[in-house]
Amino acid sequence: MHGSDASFWYQYLVGSLIFGYGMYLGFRNHDWSFHKNERGEFILLVLIMLGYMAVQGFFQFLGPRL
Amino acid sequence: MTAIDTTILVAYFLFILGFGAFFGKYATTTKDFFFGGQRFSWWLIAMSCASMVVGSYSFVKYSAVAYEFGFSSTQSYLNDWTLIPLWLFGWFPIIYYSRVQSIPEYMERRFGPVTRIVITVLLLVYMIGYIGINFFTLGIALNGLIPWSIFGWAVIIAVITAVYVTFGGQTSVIMTDLVQGFLLIFAGFFLFFLGIHYLGGFDVFWNALPPDHKTAFSPLTEPPDFAAVGIFWQDGVANTAAFYFLNQGLIMRFLAVRSEADGRRAVFTVVLLLMPLTAFAVSNAGWLGTALVKVGLIQDLQPRDVFIRVTQFLCNPGIFGFIIAALIAALMSTVDALINAVSAIVVNDVWRPYIRPKAPDRHYLKVARYASILASIVGLALVPVYMQFDSIYSAHAAFTAAITPPLVSVILLGFLWKRFTARAAVATMVGGTIAIAFSFFVPDVIIPFAHGVAAGGLHHHAFKFMRALYGLVMSVGIGVAVSLLDRKALARDLRGLTVSPRVDLMRLFKGSEPNLRKGKPVLVTIRPVDEEGVVRMSAEDADRMAADPGDHIYVSDSRWWLGGLKSVHAVMTDADGGKPGMAEVGRDLLKQGLLDPKRPLRISKIL
C-alpha cells in the first residue's frame, strides 16, 4: 500500500469511531427516535462523511493515475 | 505597488471601516455587543465562521505546504467532519440552551469558581498573544509584498479593526466577516483562474504536477512536520476540538444565531461547503507555484515565498491590490472575533463577577468598548516584542501546544461524563500541562504515541504534531483517574450542563414544556401597542404557526437578506382575537428589534 493510502484508511477508520460516538449521542439524546424532523440531519451528516470520503478517495487513489 | 493598487487598498480600508462602524447603532446593550442580539440567520453565522478560520498566516502557510506536498495541503481543513456530530448533538445544545456567555462561565457552573479563574487567565493570555501573532504575521506577509514597516502595517490594521469592533461589537464583526469571507474565497479562486489562464489551460497545470502531489493525503508517518497521522491528531482532533468546543469567538457566533435550528444549518454549511472552498482558496497558489516552476516560468521558488511570488507573478496592477485586500480581510476577520471575545471575557468573567457586580448594563457596555480598545493595543504592543525576540513567539506557540490538549480534555469530559469532578478538572489542567511541558525537555516520552513518526527536532520542536495525541491521552488519563479516586465529589446540579436529551435542555431554557409541533411562519401587519413585551396574534395565525400563548417566537423584518439584523425574540402573549394577518406588538419590542411597524413582519415559533 502506498504510504499515503494508509493515511486515508487511518483517518477514515479512527475518524469514523469519533464520528460514530457523536452519532450515538445524537440518537440517544433523541430517545433513539428517528423522528421526521431530525431524520434528515442524521442522513445529511452521514452523506457529508461519505462525500468527503468519496472526494478524498478519488484524489487519493485515482489522482496520480489521471 | 502601483497607484491603482494603493487606491484599491485605501478604498477597501475605508469601506470596511465605514461598513463596520455603521452597525454601531445596533449595539445598545451588552447582549447586542457580545451576541448581536441573538438574532442572526444561519448563512451569516456560517460565513463569519469560515472567515474566522482563515487567518493572516493561512494563505502564506498553506501555499507553502501546497507547494511542497500538493493537494494534501487541504487535509487540515477537511477533517472537521469527525467531531461535528459530537458538537451538534452534544455541545451546541448545551451552550445554546444554558445561555452561558463564556467558556469560563460554563466552567464555573460545571466545576466551581477555581476552574473559572484558571481558565480565564489561560484564555486571556492565549487570545491576546494570538491577536499579536496575527498582526505580526500579516505585517511580515505584507512587508514581503510591499516593503514597508511591519509595525506600520500592524498599526493600520489594528486601528481599523479596533474602531469597528469597538463601535459595533458582534454585529459589526459578523457583517464585516460576511464581506471579508466572500472576498477571501473569491480572491483565492480568482488567483487560480489567473494561473490556469497564464499556464494555457487546466491540462498544462494538471500535467505539470508530480503524481505524488495529486493525492489527498501525505504519507502516514513522514515527513515529521507533515505526517498524516500527526495532522490528524493535532489539526483534526486537538485543534478542531479547540476551535469548535473552546473558542470563545466561535461560541459567541453561535450564541448570536436566532435559533438552534439556524445554528445547526450554519455548521452544516461550514462543513459541507465553506471548509472545502477555503481549503482550495488558501492552497492553490502553492499548486500553481509547482506548475509554474515545472514549465519554467518561475525559477528558484522557496516554499515560504510561494504565495507572495505567485501573486506578484500572476497579478496585474489593480488585481494585485485586490489580492492584498483579501489577505488583509483574512486577518481582520480573525482578529475582530478575538478582540470581541477578549472583551466578553473581561466583562463577563473579570469585571462583572469580581470588580463591579450589579452595575447597570450601560456600564458594562462601556467597559466592553474599553476592553476592545485595550485588547487591540496590547496585541499591537506584542508585535515589536515578537519582532525582537523570536523566543517569545516560539514561547506562545509552545504555550498554545501545552494548554490545548488539557483544556480540550476538560471540556469534553466535562460535558460528556457526569462523573468528571471539579478536582479532576483542575488536576487535568495542571497535570496535563505539566505532562506536556515535561515532554519539551524529555521528548522521548512521546515515542509510544508517535506511530513511528520521527522527532524532527529538539525540545519543543520535537514531535510537534504527535505531541497532541500524547497530551490528549495524558490529560484524559489524569481526568478519568482522579474522578474515579475522588470519592468526595460535591453533589452539584448538573442539569443543562452535561449531555442530555435535547427536550430536557429546551425545557430548562423555556421554563415550561417546549412546543415541538411543526408550524409555518406567518407574515403580518403590525399595530404597535404601549404594553411592554406584548405580541398578540389572531387564533388563525397562531394555529398556522402551531404556537400557543407562552411559546417563544421570533419577530423579524420580512426581508430575508437582512439576515435577522432587524428582529427580536419575544413570547407570544395572546392568541385570542384580532384579524388574521394582523398582530399587536409592544413598542418596546419594536424598538429593541429596530423594526419598522409600517413594514410587514414575519413571525415564527421557536419553541
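This is a predicted model, so every value here is computed, not measured.

Basis of the calculations
- Residues numbered from 1 in each chain as written.
- Chains lettered and ligands numbered in written order.
- Predicted model: local features only at pLDDT ≥ 70, side-chain atom pairs only at ≥ 80, totals over all residues.
- Heavy atoms only, no water.
- Contact = heavy atoms within 4.5 Å.
- Buried area = accessible area lost by both parts, 1.4 Å probe.
- Salt bridge = Lys/Arg side-chain N within 4 Å of Asp/Glu carboxyl O.
- Polar contact = N/O pair within 3.5 Å; in protein donor to acceptor, adjacent residues only side chain to side chain.
- Helix = DSSP H or I, 4+ residues; strand = E, 2+ residues; numbered from the N terminus.
- Nonpolar A, V, L, I, M, F, W, Y, C, P; charged D, E, K, R; others polar.
- Buried < 20%, exposed > 50% of the residue type's maximum accessible area, 1.4 Å probe, protein only.
- Pairing = 2+ DSSP bridges.
- Patch = residues over 30% accessible without salt bridge, like charges linked within 9 Å, V, L, I, M, F, W, Y side chains within 5 Å.
- Areas by Shrake-Rupley, 256 points an atom, 1.4 Å probe, with all protein chains shown as cover.
- Domains from an automatic or database assignment.

Colleague: So what exactly am I meant to see when it comes to the interface of chain B and chain A here?
Modeller: It is common to give the size of an interface as the accessible area that goes away when the parts come together. Chain B puts 39 residues into the contact, and the matching count from chain A is 36 residues. The largest share of the area that chain B buries against chain A comes from Trp81(B), Phe89(B) and Phe217(B), three residues that together contribute 24% of it. Counting the contacts that link chain B with chain A gives one salt bridge. A salt bridge links Glu41(A) to Arg264(B); its shortest N-O distance comes to 2.2 Å. Along the contact surface separating chain B from chain A lie ten residue pairs in polar contact (both at pLDDT 80 or more). Taken together, the elements giving at least two residues each to the side of chain B that touches chain A come down to α5 (84–98), α10 (228–246) and α12 (260–294) of chain B. Looking at which element gives the most residues to the side of chain B that touches chain A, the answer is α12(B), with six residues. Here the side of chain B that touches chain A is composed, by residue class, of 29 nonpolar, six polar and four charged.

Colleague: What exactly am I supposed to notice about the pairing of strand β6 (residues 601–605) of chain B here?
Modeller: Strand residues, when the strand is regular, have side chains that alternate between the two faces of the sheet. Residues and elements named next belong to chain B. Most of β6 is tucked away, with four of its five residues classed as buried. Across three bridges, the pairing between strand β1 (residues 522–529) and β6 is antiparallel. When the bridges of β6 are listed, Val524 appears paired with Leu601. Bridging between strand β3 (residues 552–557) and β6 involves five bridges; their strand directions are antiparallel. When the bridges of β6 are listed, Ser556 appears paired with Arg602.

Colleague: Honestly, a nonpolar patch on the surface in this entry has me stumped. Any pointers?
Modeller: On the surface, Ile43(A), Leu44(A), Val46(A), Leu47(A), Leu50(A), Leu272(B) and Leu273(B) cluster together to form a nonpolar patch covering roughly 580 Å² of accessible area. Elements with a minimum of two residues in the nonpolar patch: α2 (36–62) of chain A together with α12 of chain B. Following the sequence through the fold, Ile43(A) ends up in helix α2. Residue classification places Ile43(A) among the partly exposed positions, given a relative accessible area of 45%.

Colleague: Quick question: what am I supposed to make of the domain arrangement of chain B here?
Modeller: Residue and element names in this part refer to chain B. Once the domains are mapped, chain B shows domain 1 (3–390) and domain 2 (515–605). For domain 1 versus domain 2, the separation of C-alpha centres amounts to 36 Å. Counting residues at the interface gives twelve residues for domain 1, matched by 13 residues for domain 2. A buried area of about 970 Å², summed over both sides, lies between domain 1 and domain 2, and 57% of it is on carbon and sulfur atoms. Linking domain 1 with domain 2 are zero salt bridges, by the criterion used here. Taken together, the links from domain 1 to domain 2 amount to six residue pairs in polar contact (both at pLDDT 80 or more). Elements with a contribution of two residues or more to the side of domain 1 that touches domain 2: α3 (42–53) and α8 (150–199). Class assignment for the residues of the side of domain 1 that touches domain 2 results in six nonpolar, four polar and two charged.

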